[in-house]
Amino acid sequence: MKSMKLFLTAGVLAGTFQIYAQEQSEVPEVSPMPMKPEMTEIWQPEVEVVTPAKKLGDAPSDAIVLFDGKNLDQWVSQKDTTQTAPWEVVDNDYLQVVPGSGMIQTKKKFGDIQLHLEFSAPDKVEGSSQGRGNSGVFFQNRYELQILDSYNNRTYRNGQAGSIYKDHAPLVNPMRGPLEWNVYDVVYRAPRFKENGLIDSPAEITVFLNGVLVQNNATINGLTQYIGLHDYPESHGNDVIALQDHGNKTQFRNIWVREL
Ligand code: MG
């Protein structure tokens with residue numbers, strides 16, 4: 001009985017193969033088109049020409065200059081956005097926080113950007129941990145890239161310079177001393193939201209501090225908060241870049257963005 005079953009199965013399989021083979025032979029043979037080099041070359045539209053700055057780190061031709069030492073025309077007070085930014089421009093060179101005057105923010109709103117910003121801790125070293133040279137860059141007025149004098153200044157690792165505050169610690173600490181300038185170069189991708197307001201894809205950030213990678217396409221987990229876990233409580237569109245007044249005379253210079 002067992003051998004009979006096997007025989008039948010083999011017969012059915014053979015029949016199936018015959019039908020399959022017949023169907024196959026009815027399909028006309030198509031030989032793949034031979035590839036030529038130009039088939040994978042895209043010419044239009046031509047890539048836009050951007051003139052790089054003479055000095056690496058200065059603004060290229062398509063950048064929006066937010067601060068170049070001259071004035072605060074691109075900034076307003078966060079307390080009252082009809083008022084000019086209350087921080088001090090020193091020696092037509094750099095910008096300094098006026099402690100207690102509040103945060104400042106750009107007039108213009110941004111989405112995805114490349115940002116270049118230079119900062120220096122207060123010349124006089126005072127305080128420790130989060131109290132020393134604290135400030136911060138808030139992308140879309142919500143997500144903080146920490147600014148702190150993290151040169152010989154221990155604090156919690158996800159709160160030092162190069163961190164996404166209380167979200168991601170920097171990969172390393174390449175800070176320079178308080179009398180020197182530090183350089184941030186950032187690629188920021190704004191979060192995307194669904195129509196129902198829930199998060200679709202969170203914000204992402206890549207940060208170089210003094211040319212050293214400190215955030216490698218990190219996923220920002222949400223609104224920066226001092227207390228509590230971070231999430232995306234509401235959807236938003238483009239928004240301002242804000243700089244934090246944390247009571248320390250942190251200095252800034254050479255700030256520019258490129259919209260992506
Ligand atoms: Mg801060």
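Here goes a summary of the coordinates provided. Source: prediction; values computed, not measured.

Thresholds, definitions, all that
- Residues numbered from 1 in each chain as written.
- Predicted model: local features only at pLDDT ≥ 70, side-chain atom pairs only at ≥ 80, totals over all residues.
- Heavy atoms only, no water.
- Helix = DSSP H or I, 4+ residues; strand = E, 2+ residues; numbered from the N terminus.
- Phe/Tyr/Trp six-rings, centres within 6.5 Å; stacked < 30°, edge-to-face > 60°.
- Buried < 20%, exposed > 50% of the residue type's maximum accessible area, 1.4 Å probe, protein only.
- Pairing = 2+ DSSP bridges.
- Core = buried A, V, L, I, M, F, W, Y, C linked by side-chain atoms within 4.5 Å.

Some thoughts on unusual backbone geometry
- Here the bond from Gln-44 into Pro-45 is cis, since omega is -10°, no more than 30 degrees from zero.
- Tracing the sequence through the fold places Pro-45 in the loop between helix H1 (2-26) and strand E1 (64-67).
- Phi is positive for Asp-91, which is not a glycine, with a value near 55°.
- Examined against the element boundaries, Asp-91 turns out to sit in the loop between strand E3 (88-90) and strand E4 (94-96).

Things to note about the packing of aromatic side chains
- The full count for this structure, using the stated rule, is seven aromatic pairs.
- Look at Trp-87 and Phe-252: their rings are 6.0 Å apart centre to centre, the planes differ by 25°, and that puts the pair in the stacked class. Residue Trp-87 is located in the loop between strand E2 (75-77) and E3, and its partner Phe-252 is located in strand E15 (residues 251-259); the two are separated by 165 residues in the primary sequence. Take Trp-87 and Phe-252: they sit in the same class, and that class is buried.

Let's talk about the pairing of strand E8 (residues 143-147)
- The buried count for E8 comes to five of five residues, which makes it a mostly enclosed element.
- Residues of E8 alternate between two faces, with Tyr-143, Leu-145 and Ile-147 on one and Glu-144 and Gln-146 on the opposite face, all of them buried.
- Examined bridge by bridge, strand E7 (residues 135-139) and E8 share five bridges and lie antiparallel to one another. For Ser-135, the partnering residue across the bridge sits in E8 and is Ile-147.
- The turn linking E7 back onto E8 is made up of three residues, and Gln-140 within it adopts a positive phi angle of 50°.

Considering the nonpolar core
- Among the nonpolar cores identified, the biggest contains 41 residues, and Leu-115, Leu-117, Tyr-184, Tyr-188 and Phe-252 are the most heavily contacted of them.
- Counting only elements with at least two residues in this core, the list comes to E1, strand E6 (113-120), E7, E8, strand E9 (182-189), strand E12 (204-209), strand E13 (212-219) and E15.
- The element contributing the most residues to this core is E6, with four residues.

Focus on the pairing of E12
- Pairing of E9 with E12 involves six bridges; the strand directions are antiparallel. From the neighbouring strand, Asp-185 faces E12, where its bridge partner is Phe-208.
- The sheet contact formed by E12 and E13 spans five bridges and is antiparallel. Residue pairing across strands places Leu-209 opposite Val-212, the latter belonging to E13.
- Counted along the chain from E12 to the antiparallel partner E13, the turn is two residues long, and its residue Asn-210 has a positive phi close to 55°.

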